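# Analysis of the macromolecular model
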Amino acid sequence: MRNVEDQLSLEVHRTLQEVTITDVHTHLFPPSFGKALLWGPDELLTYHYLIAELFTVAKWDLTYDKFWSMTKVQQADLIWEQLFINHGPLSEAARGVITTFHKLGLETKKRDLASIRKWFAQQKLDEYLPKVFEIAKIDYAVMTNSPFNPKEAKYWQEHAPVPDCLKPALRIDSLFDFENWESVADAMTTQGYDVRSTTEGGQVLPQLDGKTFSEIRRFLVDWSKTIKPVYFAASFGPDFAYGKNKPLTEIIDHAIVPAALELGLPFALMIGARRLANPGLRNAGVTVGTADLYCLSELLRNHPHAKFLVTVLARTNQHELTVLGRVFRNLHIFGCWWYCNNPSIIDEMTRQRLELLGTSFTAQHSDARVLDQLIYKWDHTREIISKVLTDKYRDLREAGWEFSKDEIARDVRNIFGGSFEAFLKR
């Protein structure tokens, strides 16, 4: 019996190591976008997870202003010293840096950051990017692309080349930035869209009428023709209130969903990030909040023919979201986002989803902001989910069901991109 169990574990592990992954959400860019594509040791070390961790151990005389006044190299040196030399790199983000260097064949035992930097300085980005994708075994990764960012929009308008391994997503968070609606409307007006505004209590807000909705739809359709996105995407705080927040609800109902249906695209929602809870940390100062997912169920029910991709940040929301995935066929759940991207939580969430959804979900997305992160995030994920699936197949065998190697490979591919692509084609 032990040999059978060992063979099962080895087969599942082998399949996980060999599967080609589709990374359904990242913050990467093509090399043609210049410095927008982050890569290399200094970017890895100054990732916002590690910046926040630095301030848990740094002396009080390291102020936020002092840190932000440093150069990138100085920041990276400080983080390396504090989190890798003075303390063990036991956090998932710190361990990920070590995994990345190791998988690239770099020596880490000597703690010699200078030699690591020297190796990276010799790499050519056009050659390094496909190398990273090959190591991570990714067929393609979905980017995050905002038409409201003038620098980024310029690259698209000039038809900067994008490799096949990177596919765009149209990021539309700005349409819900009602505290800064005047600048949002100006950005669309500058591009030739007659988006109207009104003033309520001294605040500029979108004018909720047919003309405004029509122009927002035209904006989304035109930009979709330009970049050919895989989906629309927006990130929301835990206060996401579809059905209660009138501007948000009407823009979704009368502009975003109609455009998505016209184009046959899903709308991806990432819910639960409480932005700038600690402003001194900038992007590292985000916390998590529990959302009211009844609002999401209202959205799913009101638009049964539209397709929605959803991930939530709070661990306390995961079970309810998974139940919604059983009940609403127009919902596809994806990834262990941000603070859920830790081994213990990935294990728990994947077991829960398998038990309720079978393989009709996407187990993980990297959310990578730095190219090299693809290496460690997928290496760690493969190991975690290998253990989960081994347990599930063992349970299935004990129940009397036999399965083949091909069936295991099918199931593994489904939760690493196959179910996502099937959902897109519905």
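Residues numbered from 1 in each chain as written. Predicted model: local features only at pLDDT ≥ 70, side-chain atom pairs only at ≥ 80, totals over all residues. Heavy atoms only, no water.

## Some remarks on the environment of Thr99
Position of Thr99 among the secondary structure elements: in helix H6 (residues 92–103). Judged by relative accessible area, Thr99 falls into the buried class, the value being 12%. The spatial distance from the C-alpha of Thr99 to the C-alpha of Lys377 is 9.0 Å, given a sequence separation of 278 residues. If near-sequence neighbours (up to four positions away) are discounted, Thr99 is found in contact with Tyr376, Asp379 and His380. (Helix = DSSP H or I, 4+ residues; strand = E, 2+ residues; numbered from the N terminus. Buried < 20%, exposed > 50% of the residue type's maximum accessible area, 1.4 Å probe, protein only. Contact = heavy atoms within 4.5 Å.)

## What about the sheet that holds strand S4 (residues 170–171)?
The strand order S4-S7-S8-S11-S12 describes an open sheet built from 5 strands, whose pairing is parallel. In this open sheet, the two strands that pair with only one neighbour each are S4 and strand S12 (331–333). Relative to strand S11 (residues 308–312), strand S8 (residues 267–271) is paired through 5 bridges, and the arrangement is parallel. Each bridged residue has a counterpart across the sheet, and for Met270 the counterpart in S11 is Thr311. Together, strand S7 (232–236), S8 and S11 form the strand contacts of helix H12 (residues 246–263), whose direction differs from that of S7 by roughly 155 degrees. (Pairing = 2+ DSSP bridges. Axes fitted to C-alpha atoms, helices over the stretch in contact; angles between N-to-C directions.)

## Section: empty space enclosed by the protein
A complete count under the given rule lists 4 cavities of 30 Å³ or more for this structure. Taken together, 13 residues make up the lining of the largest cavity; nearest its centre are His27, Trp337, Trp338, Asp367 and Arg369. Taken together, the residues of the lining of the largest cavity break down into 5 nonpolar, 4 polar and 4 charged. (1 Å grid on protein atoms, 1.4 Å probe; cavity = no way out; pocket = protein on both sides within 12 Å on 5 of 7 lines; lining within 4 Å. Points joined across faces, edges and corners; volume = space filled by probe spheres on them. Nonpolar A, V, L, I, M, F, W, Y, C, P; charged D, E, K, R; others polar.)

## Details of helix H11 (residues 210–227)
The end-to-end C-alpha separation of H11 is 26 Å, in line with the 26 Å expected for 18 residues at 1.5 Å each. Looking at the buried side of H11, the elements it contacts are helix H9 (150–157), S4, helix H10 (181–190), S7 and H12. Looking at the residues trailing H11, positive phi occurs at Lys228, about 55 degrees. (Expected span 1.5 Å × (residues − 1).)

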